[in-house]
Amino acid sequence: MVILGIETSCDETALALIETREENGVFECRVIASLIHSQAELHSPYGGVFPMLAKREHEKNLPIILEKLLVEAHLSSDKPTINAIAVTEGPGLEPALWTGIVFAQELSKKWNVPVLPVNHMEGHIVGSLLTSDVADGTWQPLKTLPTPSLALLISGGHTELVSIEKIGLYKIIGRTKDDAVGEAFDKVARLLGLPYPGGPQISMLAHEAREKNIVSLVTLPRPMISSKDLDFSFSGLKTAVLYAIRGAEKTPDGKLSENFISGLCREFEDAVTETLTTKLRVAIEDTGAQSIIIGGGVAANITLRDQFEIIASEYGIPLFMPSKHISGDNALMIALAGALDTSKPSRTLKAHGTKKLGE
Ligand code: KG4
Ligand code: ZN
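This report concerns the structure included in the present document. The model shown is predicted, which means the values in this text are computed figures rather than measured ones. (Residues numbered from 1 in each chain as written. Chains lettered and ligands numbered in written order. Predicted model: local features only at pLDDT ≥ 70, side-chain atom pairs only at ≥ 80, totals over all residues. Heavy atoms only, no water.)

## Overview of the pairing of strand S4 (residues 84-90)
- Buried residues dominate S4, accounting for 7 of its 7 residues.
- As paired strands, strand S1 (residues 2-7) and S4 are joined by 4 bridges and run parallel to one another. What sits directly across from Ile6, in S4, is Val87.
- The sheet contact formed by S4 and strand S5 (residues 115-119) spans 5 bridges and is parallel. Residue pairing in the sheet places Ala86 in a bridge with Leu116 of S5.
- For the segment spanning S4, helix H3 (residues 94-111) and S5, crossover handedness is right-handed. (Buried < 20%, exposed > 50% of the residue type's maximum accessible area, 1.4 Å probe, protein only. Helix = DSSP H or I, 4+ residues; strand = E, 2+ residues; numbered from the N terminus. Pairing = 2+ DSSP bridges. Right-handed = clockwise from strand over helix to strand, strands pointing away.)

In structure tokens:
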């Protein structure tokens, strides 16, 4: 079965083509082509994603990227050999999501193939099970997931701990009460005058601070670290950064010193890391998880990745993390989630903040 994946939930316009097969209970897939067009530069002046701008860009770019994808895959655009179209139905920015959904519906009519609605967060879960994201057409079995498993989803819109009985059967056992962790990275970066997206910038400066032994004079809180539940809160951390900036010594022209900025980035990353890893440990123990999945754009963070490796080896369980290239939004994970066909009534990880297809 050949599946076209479409992802437009935020500021990446992404399309991918995969082929899947199942023989003797073994699910295999091969990546035919995968393209991601990031709008980050366009949104940078706003310090975050501007939904109507994202919508306009998706609308403009979808047909162009599709054409490119079909050329790469050596398929005709009139009636390509595609069996289904998997599209992100949510969660995400509603105007942006609709561009992908409408595009999928139009192609579905034109090519007479079904549309498979996919939950974006489920995409981040299954994306971690790919052996390779390289579009070289090699058949690859999906990684075997020992269950019950536990996913920590860390993106610009979400921070969730999801207990996984099996792929397609999820229960959210912890989530952020306010800002998502990626959002906190982006907002703190903005406060420090760093460009959007903030995650890679903060991570780079934190790394530099560690190399140069620069420490922050300000200690930031580790929010909800000793609360009994598995929930998170990151807006207080952002506010603490704001107060630290207000109280900091400035240069004569009112600027923060470079050392202050990189020291604070290091402290912020440490606070986030300690918070996420503490809750992850508690969740592993509570659920008896036999494996860990990390998903979402923040999974590209090196400091976090190192800590997740340590936790997995401490508990002696496998860790599944997406390659850095597909930790952010991509359509490969959407095509794969569509192919796994998990949209059964048992699905509890639901799209929210969005309308369902056909509504
Ligand atoms: O999953 P994603 O691409 O989009 C959403 O579904 O939200 O995640 C984007 C988020 C942004 O907030 C970005 O700042 C963050 O991922 N991010 C990082 C890093 N790379 C991207 N956060 C921390 N460290 C990074 N290296
Ligand atoms: Zn995402």
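Right, picking up where we left off after that structure.
## Details of the coordination of the zinc ion (ligand 2)
- Protein-derived ligands of the zinc ion (ligand 2) are His120 (NE2), His124 (NE2) and Asp329 (OD), with the metal-ligand distances lying across 2.1 to 2.2 Å.
- Read in sequence order, the donor residues coordinating the zinc ion (ligand 2) give the pattern H-x3-H-x204-D. Here His120 and its partner His124 are both found in helix H4 (residues 120-127), 4 residues apart, which amounts to about one turn of the helix.
- Relative accessible area serves as the criterion here: at 3%, His124 is assigned to the buried category. (Donors = N, O, S within 2.8 Å, 3.2 Å for Na, K, Ca; no water.)

## Side note on the site of ligand 1
- Neighbouring ligand 1 are 19 residues; Gly156, Asp186, Gly199, Gly297 and Asp329 lie closest to it.
- In this structure, an oxygen atom belonging to ligand 1 sits 3.3 Å away from a main-chain N or O atom of Gly157.
- Comparing atom positions with the cavity grids shows ligand 1 to sit within the largest pocket.
- Of all the secondary-structure elements, those providing two or more residues to the shell around ligand 1 are H4, helix H5 (181-191) and helix H6 (198-211).
- In terms of residue class, the shell around ligand 1 is built from 5 nonpolar, 12 polar and 2 charged. (Near = heavy atom within 4 Å. Polar contact = N/O pair within 3.5 Å; in protein donor to acceptor, adjacent residues only side chain to side chain. 1 Å grid on protein atoms, 1.4 Å probe; cavity = no way out; pocket = protein on both sides within 12 Å on 5 of 7 lines; lining within 4 Å. Sits in = over half its atoms within 2 Å of the grid points. Nonpolar A, V, L, I, M, F, W, Y, C, P; charged D, E, K, R; others polar.)

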